[in-house]
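Chains, contacts and geometry: an overview
One letter stands for each residue in the lines below.
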Amino acid sequence: MEPEGTSKTVNKNLLLLHGTVIIWGFTGTLGKLITIPATGLVWYRVLIASVSLLLYFIAVKKDFRVSKITLLKFVTNGALVGAHWILFFASIKLSTVAVTLVCLSSITLFTAIFEPVINKKRISRLEILAGVLIITGIILIFKFETHYTNGIIAGLLSAVFASLFAIINSKLVKQHQAPVIAFYELSGAFLWITIYLFASSGFNQTMVPDTADIGYLFLLGTICTSLAYVAGVYVMRDLSAFRVALITNLEPVYGILIAFFFFGDLNKMTAGFWAGAVIILSTILLYPVTQKQLNKRRQRRIAKA
């Protein structure tokens, strides 16, 4: 594992990350309430988020200029962000909020696989074990929720892209400020999605939001995106990508509860879904406890040596 910041700083960032994850928990419900198709929904989301960040920079007179090479990195990573969100909302519309959020928990598995390769660090057996348990839970969900197969596949692919851009951001944030990263990545996502919509004739009647959609899109683009995105990137200065991914996986807990309040999604789930969900969420909650105990044992062995 890569070293994280001081204990006080880490605890502060953990608290901030948990608050951010609670905000993210509302995105699934908003995605279900908004009637626009997934790609159009994300286009509005990143447009509103980018504009709100630009207005923030202007208001505080912040210099947000970056080099051309850095800009290219941010815009490229923005493609991963856009793909993640499009697949996320597509999964919600193809299944339920609960199914999508549990599938998103596989971020932990994909991060455990990708992070050692991208950052060229030693593979953690504990992270791989956590990933295996999570994939076991996902297999159970697949087995019993076959009528949501397309939604589950979209949810898992969404987790792949989320894992990749989180790992890349954990490196970028060491060199650049979180609001600047967020602005250019979200603007990059807007650029790529705009190109796709033009190429696919996606700018049509389905893109026109109704009155309720406008309010939901504003909440999604400002509170749940620009604000939460900046906070999510900021904490990566002191937390490893895997730890961020692990805590982010608590989003299903908050999201499922919020979705139940609005839609009663839990009534649609089978016993197989709940067995898989329990395995996934238990792994997420027990991982930090296990890691702490292993670190204590390691320190005792070093002290005795």
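An account of the accompanying structure is given in this report. (Residues numbered from 1 in each chain as written. Predicted model: local features only at pLDDT ≥ 70, side-chain atom pairs only at ≥ 80, totals over all residues. Heavy atoms only, no water.)

So, on to the environment of Ala 259. Mapped onto the elements, Ala 259 comes out in helix H11 (residues 251-263). Residue class for Ala 259 comes out buried when judged on its relative accessible area of 0%. The spatial distance from the C-alpha of Ala 259 to the C-alpha of Gly 25 is 8.8 Å, given a sequence separation of 234 residues. (Helix = DSSP H or I, 4+ residues; strand = E, 2+ residues; numbered from the N terminus. Buried < 20%, exposed > 50% of the residue type's maximum accessible area, 1.4 Å probe, protein only.)

Viewed as axis vectors pointing N to C, helix H5 (residues 107-119) and helix H7 (residues 149-172) meet at an angle of 40 degrees, and their least axial separation amounts to 9 Å. As far as their axial angle goes, H7 and H5 are oblique. The interaxial crossing formed by H5 with H7 has right-handed handedness. On the side of H5, the interface is formed by Ile 107, Phe 110, Thr 111, Phe 114, Glu 115, Ile 118 and Asn 119, while H7 contributes Leu 156, Ala 159, Val 160, Ala 162, Ser 163, Leu 164, Ile 167, Ser 170 and Lys 171. Residues of the contact of H5 with H7, tallied by class, amount to 10 nonpolar, four polar and two charged. (Axes fitted to C-alpha atoms, helices over the stretch in contact; angles between N-to-C directions. Parallel < 35°, antiparallel > 145°, perpendicular 65-115°, else oblique. Left-handed = near helix turned anticlockwise from the far one by under 90°. Contact = heavy atoms within 4.5 Å. Nonpolar A, V, L, I, M, F, W, Y, C, P; charged D, E, K, R; others polar.)

The next subject is the packing of aromatic side chains. What the rule picks out here adds up to 13 aromatic pairs. Aromatic pair Tyr 56 and Phe 57: ring centres 5.6 Å apart, planes at 50 degrees, arrangement tilted. Tyr 56 gets classed as partly exposed once you look at its relative accessible area, which sits at 41%. (Phe/Tyr/Trp six-rings, centres within 6.5 Å; stacked < 30°, edge-to-face > 60°.)

Mapping Leu 140 onto the fold places it in helix H6 (residues 125-144). It is 33 Å that separates the C-alpha atoms of Leu 140 and Arg 45, two residues lying 95 residues apart in sequence. Leave out the neighbours within four places in its chain, and Leu 140 touches Gly 272, Ala 275, Gly 276 and Ile 279.

A few words on the nonpolar core. Residues Trp 85, Phe 89, Leu 186 and Tyr 229 are the most contacted members of the largest nonpolar core, which totals 78 residues. With 10 residues, the top contributor of residues to this core is helix H8 (residues 178-199). Filtering out sequence-adjacent residues up to four positions away, Phe 89 remains in contact with Thr 27, Gly 31, Ala 38, Leu 41, Val 42, Arg 45 and Leu 220. Formed by five residues, the second largest nonpolar core is a distinct cluster that contains Ala 112, Leu 126, Phe 242 and Tyr 287. (Core = buried A, V, L, I, M, F, W, Y, C linked by side-chain atoms within 4.5 Å.)

What follows is about H6. Helix length check: H6, at 20 residues, gives a terminal C-alpha distance of 29 Å against a target of 28 Å (1.5 Å per residue), a fit within 8%. Within the span of H6, buried status applies to Leu 126, Glu 127, Ala 130, Gly 131, Ile 134, Gly 137, Ile 138 and Ile 141. One face of H6 carries all of its buried residues, which in axial projection span an arc of 135 degrees. Of the exposed residues in H6, the ones pointing more than 90 degrees away from its buried face are Arg 125, Ile 139 and Lys 143. (Expected span 1.5 Å × (residues − 1). Arc of directions from axis to C-beta.)

All right, on to a positive patch on the surface then. Residues Arg 122, Arg 125, Lys 292, Lys 296, Arg 297, Arg 298, Arg 300, Arg 301 and Lys 304 make up a contiguous surface patch of positive charge. With seven residues, the top contributor of residues to the positive patch is helix H12 (residues 271-304). Taking relative accessible area as the criterion, Arg 298 reaches 41% and is therefore assigned partly exposed. (Patch = residues over 30% accessible without salt bridge, like charges linked within 9 Å, V, L, I, M, F, W, Y side chains within 5 Å. Areas by Shrake-Rupley, 256 points an atom, 1.4 Å probe, with all protein chains shown as cover. Salt bridge = Lys/Arg side-chain N within 4 Å of Asp/Glu carboxyl O. Lys, Arg positive; Asp, Glu negative; His and termini not counted. Charge placed at Lys NZ, Arg CZ, Asp CG, Glu CD.)

The end-to-end C-alpha distance of H5, which contains 13 residues, comes to 17 Å, matching closely the 18 Å that a straight helix rising 1.5 Å per residue would cover. Of all the bends in H5, the greatest, near 30 degrees, is centred on Ile 113, and the proline Pro 116 appears no more than four residues after it. Taken as a whole, H5 has its buried residues at Ile 107, Thr 108, Leu 109, Phe 110, Thr 111, Ala 112, Glu 115, Pro 116 and Asn 119. Residue Lys 120 follows H5 closely and has a positive phi angle near 50 degrees. (Bend = angle between axes of the 7 residues up to and from the residue.)

What follows deals with a nonpolar patch on the surface. Judged by side-chain polarity, Val 51, Leu 54, Leu 55 and Ile 58 come together as a nonpolar surface patch covering roughly 340 Å² of accessible area. Mapping Val 51 onto the fold places it in helix H2 (residues 38-60).

Next up on the list: the side chain of Glu 185. Position of Glu 185 among the secondary structure elements: in helix H8. Of the side chains bearing the opposite charge, Lys 73 lies closest to the buried Glu 185, which forms no salt bridge; the N-O distance is 11 Å. Excluding anything up to four places from it in sequence, Glu 185 contacts Phe 74, Asn 77, Gly 78, Val 81, Asn 169, Leu 172 and Tyr 229.

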